Amino acid sequence: MKLEEIIKRQRSFFNEGITRDIEYRKQALQRLRRGIESHETQLFEALRKDLGKSPYEAYATELGIVYEEISYMLRHLNRLAKPEKVYTPLTNFPSKSVIFKEPYGLILIMSPWNYPVQLTLVPLIGALAAGNCAVVKPSNYSPAVSAVIRDILSESFSDSYVYVILGGREENQNLLEQRFDYIFFTGGKAVGRTVMKAAAKNLTPVTLELGGKSPCIVDSTADVALAARRIVWGKFLNCGQTCVAPDYLLVHKDIKENLLEAMVRNIEALYGSDPIQSKDYGKIVNEKHYRRLASLMEGETPYYFGGYDKEKLKIGPIILDDARWDSPCMAEEIFGPVLPVIEFEDLRQVKSRVEKRPRPLALYLFTGSRENEKFILKNLSFGGGCINDTIMHLANNRMPFGGTGESGMGSYHGKYSFRTFSHEKSILKKSRFIDLPMRYAPYPAKDRLLRFFMK
(Lines give C-alpha, C1' and ligand atoms only; values in the text may rest on other atoms or scores of the structure.)
Protein backbone atom coordinates (compact mmCIF):
# COMPACT_ATOMS: atom_id res chain seq x y z
CA MET A 1 0.00 0.00 0.00
CA LYS A 2 1.29 3.45 -0.88
CA LEU A 3 2.31 5.79 1.90
CA GLU A 4 -0.11 8.46 0.71
CA GLU A 5 -2.99 5.99 1.07
CA ILE A 6 -1.87 5.03 4.59
CA ILE A 7 -1.78 8.68 5.64
CA LYS A 8 -5.20 9.27 4.10
CA ARG A 9 -6.64 6.29 5.99
CA GLN A 10 -5.04 7.37 9.27
CA ARG A 11 -6.38 10.90 8.92
CA SER A 12 -9.85 9.53 8.21
CA PHE A 13 -9.66 7.21 11.23
CA PHE A 14 -8.44 10.00 13.48
CA ASN A 15 -11.26 12.28 12.36
CA GLU A 16 -13.79 9.66 13.48
CA GLY A 17 -12.81 10.60 17.05
CA ILE A 18 -12.26 7.03 18.24
CA THR A 19 -8.77 7.71 19.56
CA ARG A 20 -10.03 10.58 21.71
CA ASP A 21 -11.73 8.07 24.01
CA ILE A 22 -9.60 7.44 27.10
CA GLU A 23 -10.59 3.80 27.43
CA TYR A 24 -9.67 3.17 23.80
CA ARG A 25 -6.22 4.61 24.46
CA LYS A 26 -5.74 2.40 27.52
CA GLN A 27 -6.76 -0.67 25.55
CA ALA A 28 -4.24 0.26 22.88
CA LEU A 29 -1.46 0.49 25.46
CA GLN A 30 -2.46 -2.85 26.93
CA ARG A 31 -2.40 -4.43 23.46
CA LEU A 32 1.06 -3.00 22.91
CA ARG A 33 2.32 -4.46 26.18
CA ARG A 34 0.90 -7.90 25.33
CA GLY A 35 2.48 -7.69 21.89
CA ILE A 36 5.90 -6.92 23.34
CA GLU A 37 5.58 -9.67 25.94
CA SER A 38 4.72 -12.24 23.27
CA HIS A 39 7.81 -11.23 21.24
CA GLU A 40 10.34 -10.88 24.06
CA THR A 41 12.45 -13.81 22.88
CA GLN A 42 12.57 -12.44 19.32
CA LEU A 43 13.52 -8.99 20.61
CA PHE A 44 16.35 -10.40 22.73
CA GLU A 45 17.64 -12.36 19.73
CA ALA A 46 17.38 -9.33 17.44
CA LEU A 47 19.18 -7.06 19.90
CA ARG A 48 21.97 -9.62 20.19
CA LYS A 49 22.22 -9.82 16.40
CA ASP A 50 22.17 -6.08 15.71
CA LEU A 51 24.14 -4.77 18.70
CA GLY A 52 25.53 -7.71 20.62
CA LYS A 53 23.39 -6.94 23.67
CA SER A 54 23.05 -9.49 26.44
CA PRO A 55 19.49 -10.34 27.56
CA TYR A 56 20.13 -8.59 30.89
CA GLU A 57 21.27 -5.36 29.25
CA ALA A 58 18.48 -5.63 26.68
CA TYR A 59 15.85 -5.78 29.41
CA ALA A 60 17.45 -3.15 31.66
CA THR A 61 17.97 -0.54 28.94
CA GLU A 62 15.24 -1.39 26.45
CA LEU A 63 12.23 -3.55 27.35
CA GLY A 64 12.10 -2.67 31.04
CA ILE A 65 11.97 1.05 30.28
CA VAL A 66 9.17 0.46 27.76
CA TYR A 67 7.14 -1.56 30.27
CA GLU A 68 7.61 1.14 32.91
CA GLU A 69 6.38 3.80 30.50
CA ILE A 70 3.25 1.81 29.64
CA SER A 71 2.52 1.24 33.32
CA TYR A 72 2.94 4.94 34.07
CA MET A 73 0.53 5.96 31.32
CA LEU A 74 -2.09 3.43 32.34
CA ARG A 75 -1.96 4.66 35.96
CA HIS A 76 -1.97 8.38 35.20
CA LEU A 77 -3.80 8.76 31.88
CA ASN A 78 -7.10 9.88 33.39
CA ARG A 79 -5.38 12.65 35.32
CA LEU A 80 -3.18 13.71 32.41
CA ALA A 81 -6.10 13.94 29.99
CA LYS A 82 -8.46 15.73 32.39
CA PRO A 83 -9.29 19.35 31.50
CA GLU A 84 -7.32 21.68 33.74
CA LYS A 85 -9.05 24.60 35.45
CA VAL A 86 -6.86 27.66 35.92
CA TYR A 87 -7.17 31.03 37.63
CA THR A 88 -9.14 33.74 35.82
CA PRO A 89 -8.13 37.40 36.40
CA LEU A 90 -10.64 40.06 37.39
CA THR A 91 -10.56 41.53 33.89
CA ASN A 92 -12.55 38.49 32.75
CA PHE A 93 -15.05 38.42 35.62
CA PRO A 94 -17.33 36.50 35.64
CA SER A 95 -15.92 33.55 33.69
CA LYS A 96 -14.06 30.23 33.90
CA SER A 97 -10.74 29.34 32.27
CA VAL A 98 -10.01 25.75 31.24
CA ILE A 99 -7.16 24.08 29.35
CA PHE A 100 -8.23 21.10 27.24
CA LYS A 101 -5.66 18.49 26.14
CA GLU A 102 -6.31 17.31 22.61
CA PRO A 103 -4.25 15.08 20.29
CA TYR A 104 -2.41 16.59 17.34
CA GLY A 105 -3.56 13.92 14.90
CA LEU A 106 -0.98 12.11 12.77
CA ILE A 107 2.46 11.64 14.35
CA LEU A 108 5.64 10.62 12.52
CA ILE A 109 8.16 8.86 14.78
CA MET A 110 11.65 8.36 13.36
CA SER A 111 13.91 6.35 15.65
CA PRO A 112 17.63 5.45 15.77
CA TRP A 113 19.51 2.17 15.89
CA ASN A 114 21.42 2.37 19.19
CA TYR A 115 18.45 1.66 21.49
CA PRO A 116 16.02 0.58 18.78
CA VAL A 117 13.28 -0.82 21.02
CA GLN A 118 13.17 1.86 23.69
CA LEU A 119 13.65 4.85 21.39
CA THR A 120 10.91 3.64 19.04
CA LEU A 121 8.28 2.51 21.51
CA VAL A 122 8.57 5.08 24.32
CA PRO A 123 7.63 7.96 21.97
CA LEU A 124 4.89 5.78 20.49
CA ILE A 125 3.46 5.18 23.96
CA GLY A 126 3.23 8.93 24.50
CA ALA A 127 1.64 9.47 21.10
CA LEU A 128 -1.02 6.80 21.67
CA ALA A 129 -1.70 7.90 25.25
CA ALA A 130 -2.37 11.41 23.95
CA GLY A 131 -4.87 10.05 21.40
CA ASN A 132 -2.92 10.22 18.14
CA CYS A 133 -2.38 7.93 15.18
CA ALA A 134 1.23 7.19 14.22
CA VAL A 135 3.54 6.25 11.39
CA VAL A 136 6.69 4.64 12.80
CA LYS A 137 10.02 4.51 10.97
CA PRO A 138 12.64 2.38 12.78
CA SER A 139 16.29 2.55 11.73
CA ASN A 140 17.63 0.62 8.77
CA TYR A 141 20.88 0.08 10.71
CA SER A 142 19.17 -2.27 13.19
CA PRO A 143 17.24 -4.45 10.70
CA ALA A 144 16.58 -7.44 12.95
CA VAL A 145 14.98 -5.31 15.68
CA SER A 146 13.07 -3.21 13.14
CA ALA A 147 11.53 -6.35 11.67
CA VAL A 148 10.34 -7.54 15.09
CA ILE A 149 8.89 -4.09 15.89
CA ARG A 150 7.00 -4.21 12.60
CA ASP A 151 5.57 -7.60 13.56
CA ILE A 152 4.54 -6.40 17.03
CA LEU A 153 2.82 -3.25 15.80
CA SER A 154 1.15 -4.83 12.78
CA GLU A 155 -0.27 -7.60 14.98
CA SER A 156 -1.42 -5.14 17.66
CA PHE A 157 -2.92 -2.33 15.56
CA SER A 158 -4.62 -1.67 12.25
CA ASP A 159 -2.69 0.24 9.59
CA SER A 160 -5.13 3.11 9.97
CA TYR A 161 -4.00 3.52 13.59
CA VAL A 162 -0.29 2.58 13.70
CA TYR A 163 1.78 1.82 10.62
CA VAL A 164 5.43 0.77 10.38
CA ILE A 165 7.66 1.58 7.41
CA LEU A 166 11.00 -0.17 6.97
CA GLY A 167 13.81 0.96 4.69
CA GLY A 168 16.59 3.46 4.39
CA ARG A 169 17.28 6.92 3.03
CA GLU A 170 14.72 6.79 0.21
CA GLU A 171 11.91 5.88 2.60
CA ASN A 172 13.00 8.64 5.00
CA GLN A 173 12.91 11.23 2.24
CA ASN A 174 9.49 10.06 1.08
CA LEU A 175 8.16 10.31 4.64
CA LEU A 176 9.45 13.85 5.09
CA GLU A 177 7.67 14.96 1.93
CA GLN A 178 4.31 14.08 3.51
CA ARG A 179 2.28 16.30 5.79
CA PHE A 180 2.10 15.16 9.40
CA ASP A 181 0.74 17.01 12.42
CA TYR A 182 3.84 16.37 14.53
CA ILE A 183 7.29 14.87 13.91
CA PHE A 184 9.34 13.19 16.63
CA PHE A 185 12.91 12.45 15.56
CA THR A 186 15.76 10.82 17.45
CA GLY A 187 19.17 10.67 15.80
CA GLY A 188 22.13 12.72 14.69
CA LYS A 189 22.37 16.46 14.16
CA ALA A 190 22.85 16.28 10.38
CA VAL A 191 19.64 14.36 9.79
CA GLY A 192 17.95 16.45 12.49
CA ARG A 193 18.55 19.56 10.40
CA THR A 194 17.04 17.81 7.38
CA VAL A 195 13.97 16.85 9.41
CA MET A 196 13.51 20.38 10.70
CA LYS A 197 13.88 21.84 7.21
CA ALA A 198 11.27 19.44 5.82
CA ALA A 199 8.90 20.15 8.73
CA ALA A 200 9.17 23.90 8.10
CA LYS A 201 7.53 23.51 4.70
CA ASN A 202 4.25 22.57 6.40
CA LEU A 203 4.92 24.46 9.65
CA THR A 204 4.87 21.08 11.40
CA PRO A 205 5.99 21.14 15.06
CA VAL A 206 8.92 18.89 15.90
CA THR A 207 10.75 17.30 18.78
CA LEU A 208 14.41 16.65 18.00
CA GLU A 209 16.31 14.31 20.31
CA LEU A 210 19.89 14.63 19.09
CA GLY A 211 23.17 14.27 20.95
CA GLY A 212 26.54 15.93 21.30
CA LYS A 213 29.76 15.69 23.24
CA SER A 214 28.60 15.14 26.81
CA PRO A 215 31.36 15.94 29.32
CA CYS A 216 32.05 14.03 32.51
CA ILE A 217 33.80 16.14 35.15
CA VAL A 218 35.64 14.63 38.13
CA ASP A 219 36.95 17.16 40.64
CA SER A 220 39.54 16.70 43.38
CA THR A 221 36.88 15.99 46.05
CA ALA A 222 35.27 13.08 44.20
CA ASP A 223 35.02 9.53 45.49
CA VAL A 224 37.51 8.02 43.03
CA ALA A 225 36.46 4.39 43.39
CA LEU A 226 32.77 5.21 42.92
CA ALA A 227 33.44 7.59 40.02
CA ALA A 228 35.58 5.02 38.20
CA ARG A 229 32.96 2.30 38.47
CA ARG A 230 30.06 4.47 37.34
CA ILE A 231 31.97 6.16 34.53
CA VAL A 232 33.14 2.82 33.13
CA TRP A 233 29.60 1.45 33.26
CA GLY A 234 28.06 4.51 31.63
CA LYS A 235 30.70 4.94 28.93
CA PHE A 236 30.98 1.35 27.75
CA LEU A 237 27.33 0.36 28.07
CA ASN A 238 26.09 -0.69 24.62
CA CYS A 239 29.72 -0.45 23.44
CA GLY A 240 29.64 3.30 23.95
CA GLN A 241 26.77 3.76 21.50
CA THR A 242 24.59 5.78 23.86
CA CYS A 243 23.52 9.35 23.13
CA VAL A 244 24.02 10.35 26.79
CA ALA A 245 27.25 8.41 27.34
CA PRO A 246 30.14 10.39 28.82
CA ASP A 247 31.84 11.52 25.62
CA TYR A 248 35.02 12.84 27.22
CA LEU A 249 36.46 12.97 30.72
CA LEU A 250 37.66 16.13 32.46
CA VAL A 251 39.57 15.15 35.60
CA HIS A 252 41.45 17.21 38.18
CA LYS A 253 45.21 16.71 37.88
CA ASP A 254 45.58 15.69 41.53
CA ILE A 255 43.46 12.56 41.16
CA LYS A 256 43.85 11.74 37.47
CA GLU A 257 46.30 8.88 37.82
CA ASN A 258 44.33 7.24 40.64
CA LEU A 259 41.12 7.56 38.63
CA LEU A 260 42.60 6.06 35.45
CA GLU A 261 44.03 3.10 37.39
CA ALA A 262 40.66 2.54 39.07
CA MET A 263 38.88 2.70 35.70
CA VAL A 264 41.14 0.00 34.25
CA ARG A 265 40.42 -2.21 37.25
CA ASN A 266 36.70 -1.69 36.73
CA ILE A 267 36.87 -2.46 33.00
CA GLU A 268 38.47 -5.78 33.84
CA ALA A 269 36.00 -6.40 36.66
CA LEU A 270 33.06 -5.83 34.29
CA TYR A 271 34.37 -7.45 31.11
CA GLY A 272 37.48 -9.46 32.00
CA SER A 273 41.04 -9.08 30.78
CA ASP A 274 39.90 -9.54 27.16
CA PRO A 275 36.71 -7.42 26.95
CA ILE A 276 35.83 -8.17 23.33
CA GLN A 277 35.31 -11.82 24.30
CA SER A 278 32.85 -10.93 27.06
CA LYS A 279 29.22 -11.96 26.50
CA ASP A 280 28.19 -8.82 28.38
CA TYR A 281 30.03 -6.47 26.02
CA GLY A 282 28.28 -5.30 22.85
CA LYS A 283 29.48 -4.71 19.30
CA ILE A 284 29.64 -1.82 16.86
CA VAL A 285 26.44 -1.64 14.81
CA ASN A 286 28.05 -1.93 11.35
CA GLU A 287 31.31 -1.74 9.41
CA LYS A 288 30.85 1.94 8.54
CA HIS A 289 30.82 2.95 12.20
CA TYR A 290 33.61 0.49 12.98
CA ARG A 291 35.87 2.19 10.42
CA ARG A 292 34.93 5.65 11.72
CA LEU A 293 35.86 4.73 15.29
CA ALA A 294 39.06 2.96 14.25
CA SER A 295 40.15 6.09 12.38
CA LEU A 296 40.06 8.05 15.65
CA MET A 297 42.88 5.87 16.93
CA GLU A 298 45.34 6.68 14.14
CA GLY A 299 48.52 8.07 15.68
CA GLU A 300 47.25 7.57 19.24
CA THR A 301 48.91 5.60 22.04
CA PRO A 302 46.07 4.57 24.37
CA TYR A 303 46.41 4.46 28.13
CA TYR A 304 44.19 1.38 27.95
CA PHE A 305 43.36 -0.64 24.82
CA GLY A 306 40.67 -3.33 24.93
CA GLY A 307 41.41 -4.78 21.49
CA TYR A 308 39.85 -5.02 18.02
CA ASP A 309 37.98 -7.77 16.17
CA LYS A 310 37.00 -6.48 12.75
CA GLU A 311 35.18 -9.68 11.76
CA LYS A 312 32.88 -9.46 14.80
CA LEU A 313 32.75 -5.62 14.68
CA LYS A 314 34.17 -5.47 18.19
CA ILE A 315 36.16 -2.58 19.63
CA GLY A 316 37.10 -2.98 23.26
CA PRO A 317 37.14 -0.12 25.78
CA ILE A 318 39.80 2.47 24.95
CA ILE A 319 41.08 5.25 27.22
CA LEU A 320 43.11 8.07 25.64
CA ASP A 321 45.15 9.86 28.28
CA ASP A 322 46.45 13.39 27.68
CA ALA A 323 43.92 14.18 24.96
CA ARG A 324 43.83 17.77 23.71
CA TRP A 325 40.87 20.02 23.01
CA ASP A 326 41.91 19.99 19.34
CA SER A 327 42.41 16.20 19.13
CA PRO A 328 40.47 14.41 16.32
CA CYS A 329 38.38 12.59 18.92
CA MET A 330 37.25 15.94 20.35
CA ALA A 331 35.85 17.27 17.05
CA GLU A 332 32.56 15.38 16.98
CA GLU A 333 30.49 13.08 19.22
CA ILE A 334 32.40 9.80 19.49
CA PHE A 335 29.44 7.44 19.88
CA GLY A 336 31.64 4.49 20.64
CA PRO A 337 33.94 2.97 23.29
CA VAL A 338 36.69 5.60 23.07
CA LEU A 339 37.15 7.89 26.09
CA PRO A 340 39.47 10.89 25.77
CA VAL A 341 40.83 12.24 29.06
CA ILE A 342 41.81 15.88 29.64
CA GLU A 343 43.12 17.11 32.98
CA PHE A 344 42.32 20.45 34.59
CA GLU A 345 43.39 22.49 37.60
CA ASP A 346 40.41 24.79 38.17
CA LEU A 347 36.69 24.42 37.51
CA ARG A 348 36.71 27.87 35.95
CA GLN A 349 38.87 26.39 33.19
CA VAL A 350 36.24 23.72 32.66
CA LYS A 351 33.47 26.27 32.48
CA SER A 352 35.37 28.38 29.97
CA ARG A 353 36.08 25.43 27.68
CA VAL A 354 32.73 23.67 27.85
CA GLU A 355 30.60 26.79 27.37
CA LYS A 356 32.41 27.56 24.09
CA ARG A 357 31.13 24.28 22.63
CA PRO A 358 27.58 23.44 21.53
CA ARG A 359 25.34 22.67 24.49
CA PRO A 360 25.54 18.93 25.21
CA LEU A 361 22.68 16.52 25.75
CA ALA A 362 24.12 15.45 29.11
CA LEU A 363 26.71 16.48 31.69
CA TYR A 364 28.04 14.47 34.62
CA LEU A 365 29.83 15.79 37.69
CA PHE A 366 31.56 13.69 40.33
CA THR A 367 32.21 15.76 43.42
CA GLY A 368 31.97 15.89 47.20
CA SER A 369 31.72 19.67 47.16
CA ARG A 370 28.36 21.42 47.31
CA GLU A 371 30.08 24.61 46.17
CA ASN A 372 31.46 22.94 43.03
CA GLU A 373 28.11 21.34 42.33
CA LYS A 374 26.34 24.70 42.50
CA PHE A 375 29.01 26.32 40.31
CA ILE A 376 28.58 23.80 37.47
CA LEU A 377 24.78 23.69 37.61
CA LYS A 378 24.55 27.48 37.66
CA ASN A 379 27.06 28.20 34.91
CA LEU A 380 26.72 25.46 32.29
CA SER A 381 23.68 24.68 30.14
CA PHE A 382 22.93 21.12 29.02
CA GLY A 383 19.95 18.83 28.46
CA GLY A 384 20.14 16.92 31.74
CA GLY A 385 22.56 14.88 33.77
CA CYS A 386 23.68 13.45 37.08
CA ILE A 387 25.72 14.37 40.12
CA ASN A 388 27.92 11.41 41.10
CA ASP A 389 26.48 9.09 38.46
CA THR A 390 26.08 8.67 34.71
CA ILE A 391 23.16 7.82 32.41
CA MET A 392 20.63 7.12 35.16
CA HIS A 393 18.73 10.43 34.96
CA LEU A 394 16.91 9.16 31.87
CA ALA A 395 15.61 6.16 33.83
CA ASN A 396 13.31 8.42 35.89
CA ASN A 397 10.19 9.06 33.81
CA ARG A 398 9.05 11.69 36.32
CA MET A 399 11.66 14.02 34.78
CA PRO A 400 11.70 15.36 31.22
CA PHE A 401 14.38 13.99 28.92
CA GLY A 402 15.61 16.18 26.07
CA GLY A 403 18.33 18.43 24.76
CA THR A 404 18.96 22.12 24.38
CA GLY A 405 20.55 24.08 21.56
CA GLU A 406 22.29 21.74 19.12
CA SER A 407 21.56 18.72 21.31
CA GLY A 408 17.85 18.98 20.54
CA MET A 409 14.55 20.61 21.33
CA GLY A 410 11.51 19.38 23.22
CA SER A 411 11.35 16.62 25.82
CA TYR A 412 9.49 13.44 26.72
CA HIS A 413 9.07 10.57 29.22
CA GLY A 414 6.06 10.20 31.51
CA LYS A 415 3.76 13.21 31.65
CA TYR A 416 6.18 15.12 29.43
CA SER A 417 5.50 12.63 26.62
CA PHE A 418 1.78 13.24 27.02
CA ARG A 419 2.35 16.99 26.87
CA THR A 420 4.63 16.70 23.85
CA PHE A 421 2.00 14.88 21.81
CA SER A 422 -0.94 17.00 22.99
CA HIS A 423 -2.11 20.44 22.01
CA GLU A 424 -3.20 22.46 25.04
CA LYS A 425 -6.35 24.28 23.97
CA SER A 426 -7.24 27.28 26.15
CA ILE A 427 -10.95 28.06 26.56
CA LEU A 428 -12.52 30.99 28.39
CA LYS A 429 -16.21 30.51 29.18
CA LYS A 430 -17.81 33.89 29.88
CA SER A 431 -21.07 34.62 31.66
CA ARG A 432 -23.99 35.73 29.48
CA PHE A 433 -25.68 37.62 32.31
CA ILE A 434 -23.07 40.23 33.23
CA ASP A 435 -21.22 42.33 30.69
CA LEU A 436 -18.85 44.81 32.33
CA PRO A 437 -18.79 48.07 30.34
CA MET A 438 -15.18 49.02 31.09
CA ARG A 439 -13.73 47.40 27.93
CA TYR A 440 -15.98 49.30 25.53
CA ALA A 441 -15.46 52.78 24.09
CA PRO A 442 -15.53 55.65 24.87
CA TYR A 443 -12.36 55.03 26.93
CA PRO A 444 -10.96 58.14 28.70
CA ALA A 445 -13.33 58.20 31.66
CA LYS A 446 -12.54 54.55 32.46
CA ASP A 447 -8.77 54.92 32.74
CA ARG A 448 -8.66 54.77 36.54
CA LEU A 449 -10.94 51.70 36.63
CA LEU A 450 -8.82 49.94 34.01
CA ARG A 451 -5.64 50.54 36.04
CA PHE A 452 -7.34 49.20 39.16
CA PHE A 453 -8.17 45.89 37.45
CA MET A 454 -4.92 45.47 35.52
CA LYS A 455 -2.21 46.47 37.97
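Residues numbered from 1 in each chain as written. Predicted model: local features only at pLDDT ≥ 70, side-chain atom pairs only at ≥ 80, totals over all residues. Heavy atoms only, no water.

Visitor: Looking at this model, I keep getting lost on the overall build of the protein chain. Mind explaining?
Guide: Scanning the protein chain from terminus to terminus reveals 15 helices and 18 strands. For the protein chain, whose C-alpha radius of gyration is 25 Å, the value lies close to the compact-globule estimate of 23 Å for 455 residues. Expressed as lengths along the three principal axes of its C-alpha atoms, the size of the protein chain is roughly 80 × 60 × 40 Å. For the protein chain, with 455 residues in total, the buried portion stands at 55%. By sequence separation, contacts in the protein chain at least 24 residues apart represent 72% of the contacts at least 6 residues apart. (Helix = DSSP H or I, 4+ residues; strand = E, 2+ residues; numbered from the N terminus. Rg over C-alpha atoms; globule rule 2.2 N^0.38 Å. Buried < 20%, exposed > 50% of the residue type's maximum accessible area, 1.4 Å probe, protein only. Contact = heavy atoms within 4.5 Å.)

Visitor: Would you take a moment to explain the packing of aromatic side chains for this structure?
Guide: The geometry of an aromatic ring pair comes down to the distance between the two centres and the angle between the two planes. In total, this model carries 15 aromatic pairs according to the counting rule given. Ring centres of Tyr271 and Tyr281 lie 5.0 Å apart, and the angle between their planes is 70°; this geometry places the pair in the edge-to-face category. Of this pair, Tyr271 sits in helix H10 (residues 256-271) while Tyr281 sits in the loop between H10 and helix H11 (287-295), placing them 10 residues apart in sequence. Assessed through its relative accessible area of 10%, Tyr271 is described here as buried. Through a chain of ring-to-ring contacts, three or more aromatic side chains come together here, namely Tyr104, Tyr182, Phe184, Phe401, Tyr412 and Phe421. Of note, Arg31 hangs over the ring of Tyr24, and the distance from its end group to the ring centre comes to 6.0 Å. (Phe/Tyr/Trp six-rings, centres within 6.5 Å; stacked < 30°, edge-to-face > 60°. Lys NZ or Arg CZ within 6 Å of the ring centre and 35° of its normal.)

Visitor: How do you make sense of the sheet that holds strand E4 (residues 133-137) when you look at a structure like this?
Guide: Sheet strands line up and pair through hydrogen bonds in the backbone, either parallel or antiparallel. With respect to topology, six strands assemble into an open sheet ordered E5-E4-E3-E6-E7-E17, the strand pairing being mixed. Single-partner strands in this sheet number two, and they are strand E5 (162-164) and strand E17 (408-409). Here strand E7 (residues 206-209) runs beside E17; their pairing, made up of two bridges, is antiparallel. Looking at the pairing, Glu209 lines up with Gly408 of E17. Taken strand by strand, helix H1 (residues 3-15) contacts strand E3 (106-110), E4 and E5, and its axis lies near 150° from that of E4. (Pairing = 2+ DSSP bridges. Axes fitted to C-alpha atoms, helices over the stretch in contact; angles between N-to-C directions.)

Visitor: What exactly am I supposed to notice about unusual backbone geometry here?
Guide: Excluding glycine, a negative phi dihedral is what most residues carry, and trans is how most peptide bonds are arranged. Pro94 follows Phe93 through a cis peptide bond whose omega is -10°. With respect to the secondary-structure elements, Pro94 resides in the loop between strand E1 (84-86) and strand E2 (95-103). Ala441 connects to Pro442 through a cis peptide bond whose omega is 5°. Position of Pro442 among the secondary structure elements: in the loop between strand E18 (422-430) and helix H15 (447-453). Not every positive phi belongs to a glycine, and Asn238 is a case in point at roughly 55°. Position of Asn238 relative to the elements: it lies in the loop between helix H9 (224-236) and strand E9 (248-252).

Visitor: When you look at a positive patch on the surface in this model, what are you seeing that I'm missing?
Guide: Together, Arg75, Arg79, Arg398, Lys415 and Arg419 make up a positively charged patch on the protein surface. For the positive patch, the secondary-structure elements that each account for two or more residues are helix H4 (55-81) and helix H14 (415-420). Mapped onto the elements of the fold, Lys415 is located in helix H14. (Patch = residues over 30% accessible without salt bridge, like charges linked within 9 Å, V, L, I, M, F, W, Y side chains within 5 Å. Areas by Shrake-Rupley, 256 points an atom, 1.4 Å probe, with all protein chains shown as cover. Salt bridge = Lys/Arg side-chain N within 4 Å of Asp/Glu carboxyl O. Lys, Arg positive; Asp, Glu negative; His and termini not counted. Charge placed at Lys NZ, Arg CZ, Asp CG, Glu CD.)

Visitor: Honestly, the environment of Glu37 in this entry has me stumped. Any pointers?
Guide: Locating Glu37 in the fold gives a position in helix H2 (residues 22-38). Each C-alpha atom of the pair Glu37 and Leu63 lies 9.1 Å from the other, and the pair is 26 residues apart in sequence.

Visitor: Quick question: what am I supposed to make of the layout of surface pockets here?
Guide: Think of a ball as big as a water molecule: rolled over the atoms, this probe shows where empty space is left. Taken as a whole, the largest pocket spans an internal volume of roughly 1,400 Å³. Looking at the largest pocket, it is lined by 48 residues, and the ones nearest its centre are Trp113, Gly187, Gly188, Lys189 and Val191. Elements supplying a minimum of two residues to the lining of the largest pocket: helix H7 (169-176), strand E6 (182-186), helix H8 (189-201) and H11. Of the residues forming the lining of the largest pocket, the biggest block, five residues, is contributed by H8. (1 Å grid on protein atoms, 1.4 Å probe; cavity = no way out; pocket = protein on both sides within 12 Å on 5 of 7 lines; lining within 4 Å. Points joined across faces, edges and corners; volume = space filled by probe spheres on them.)

Visitor: Help me understand the pattern of salt bridges in this model?
Guide: Side chains that carry opposite charge are capable of pairing whenever their charged atoms lie near each other. Using the criterion set out here, one finds 18 salt bridges in the structure. Lys425 is paired through a salt bridge with Glu102; the nearest N and O atoms lie 2.9 Å apart. In this pair, Lys425 sits in strand E18 while Glu102 sits in strand E2, placing the two residues 323 residues apart along the sequence. When its relative accessible area of 32% is taken as the criterion, Lys425 is described as partly exposed. Two residues, Glu406 and Lys189, come together in a salt bridge whose shortest N-O distance is 3.3 Å.

Visitor: Got a minute to help me understand the pairing of E7 in this structure?
Guide: Looking along a regular strand, one sees the side chains alternate between the two faces of the sheet. Burial along E7 is two-sided: Val206 and Leu208 facing one way and Thr207 and Glu209 facing the other are all buried. Regarding the hand of the β-α-β motif, the stretch spanning E6, H8 and E7 is right-handed. (Right-handed = clockwise from strand over helix to strand, strands pointing away.)

Visitor: Help me understand the pairing of strand E8 (residues 215-218) in this model?
Guide: Neither face of E8 is open: one carries Pro215 and Ile217, the other Cys216 and Val218, and all of them are buried. Pairing geometry for E8 and E9, over four bridges, is parallel. The residue of E9 that forms the bridge with Val218 is Val251. For the crossover that starts at E8, traverses H9 and ends in the parallel E9, the hand is right-handed. Looking at chain direction, E8 and strand E15 (residues 362-366) are connected through three bridges and run parallel. In the strand pairing of E15, Cys216 is matched with Tyr364.

Visitor: How should empty space enclosed by the protein be read in this particular structure?
Guide: What the rule picks out here adds up to three cavities of 30 Å³ or more. Its volume calculated, the largest cavity comes out at about 60 Å³. Lining the largest cavity are Ile65, Glu68, Glu69, Val122, Leu394, Ala395, Asn397 and His413. Residue contributions to the lining of the largest cavity peak at three residues, all from H4. One number sums up the size of the second largest cavity: a volume of about 40 Å³. Lining the second largest cavity, in full, are Gly212, Lys235, Gly240, Thr242, Cys243, Ala245, Pro246, Asp247, Glu333, Phe335 and Gly336. A class-by-class count of the residues in the lining of the second largest cavity yields four nonpolar, four polar and three charged. (Nonpolar A, V, L, I, M, F, W, Y, C, P; charged D, E, K, R; others polar.)

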